[in-house]
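# Tertiary structure, described
So the chains spell out like this:
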Amino acid sequence: MTVFEELRNGTSYDIRDEKYQKEVHGEIDRCDHLCWQINTADPSDKEKLKVLENELLQGQIRDGSFITPPMHIDCAGTVHIGKNVYINHDLNMMSLGSITIEDGVMIGPECGFFTVNHEPKNIRVIRTKPICIKKNAWLGARVSVVPGVTIGENAIIGTGSVVTKDIPADSIAVGNPARVIRKIEK
């Protein structure tokens, strides 16, 4: 079983572990290089950016989706992006625990997704939980999402919010921590 699979199954890992270093840091190095290529590419060369994003995400970005550079994803092999997703500039993903963004999601500038946390009694030991953003959700600028959160279908997250727990479908949530302030009427 790979480190990625073990983490997905709830295993904690010491970041000094040789297997962790080899597998995870190998993926981080691959992603760092590709993010650098994306971030230094001519922004008007959409075809080149599309090719690089596809390589970075190992084919897990669907038709009509686009990430505006600059951006950083540390473990892009664990990220899955659906169709017609738009992600604005300065995206930051710590994605070791996996991130799924479903079809039609809109993500504002400077958003962060963080699937990794450290054990309080031993900060060299990490654990991960996945993040899932359901169809047609909209995240405003500078939203942060922490490990284990699911944002429901058609939900709206207000600018600057910190999402620390699941947000139901068809809801508007704002604040730090984000809380639901109302339902969206259909």
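Below you will find a few notes about this structure.

So, how was this worked out
Residues numbered from 1 in each chain as written. Predicted model: local features only at pLDDT ≥ 70, side-chain atom pairs only at ≥ 80, totals over all residues. Heavy atoms only, no water. Pairing = 2+ DSSP bridges. Helix = DSSP H or I, 4+ residues; strand = E, 2+ residues; numbered from the N terminus. Buried < 20%, exposed > 50% of the residue type's maximum accessible area, 1.4 Å probe, protein only.

With that settled, consider the sheet that holds strand E1 (residues 13-14). Reading across the sheet, the 3 strands line up as E1-E11-E10 and stay open at both edges, with antiparallel pairing between neighbours. Whereas interior strands pair on both sides, the edge strands pair on one side only; in this sheet they are E1 and strand E10 (116-119). Here E1 runs beside strand E11 (residues 122-128); their pairing, made up of 2 bridges, is antiparallel. Residue pairing in the sheet places Tyr 13 in a bridge with Ile 126 of E11.

So, on to unusual backbone geometry. With an omega of 0°, the peptide bond running from Pro 69 to Pro 70 counts as cis. Residues Asn 176 and Pro 177 are joined by a peptide bond in cis, for which omega reads 0°. One non-glycine residue, Asp 90, lies in positive phi territory at about 65°. Structurally, the position occupied by Asp 90 is in the loop between strand E5 (86-87) and strand E6 (91-94). The exposure class of Asp 90 is partly exposed, given its relative accessible area of 33%.

This paragraph deals with the sheet that holds strand E9 (residues 112-114). Taken in spatial order, the 5 strands line up as E3-E6-E9-E14-E17 in an open sheet, and their pairing is parallel. Looking at the sheet topology across the chains shown, the edges are occupied by strand E3 (71-73) and strand E17 (162-163). Note that E3 and E6 share 3 bridges and pair parallel. Residue Met 71 lies in a different strand from E6, and its bridge partner there is Leu 91.

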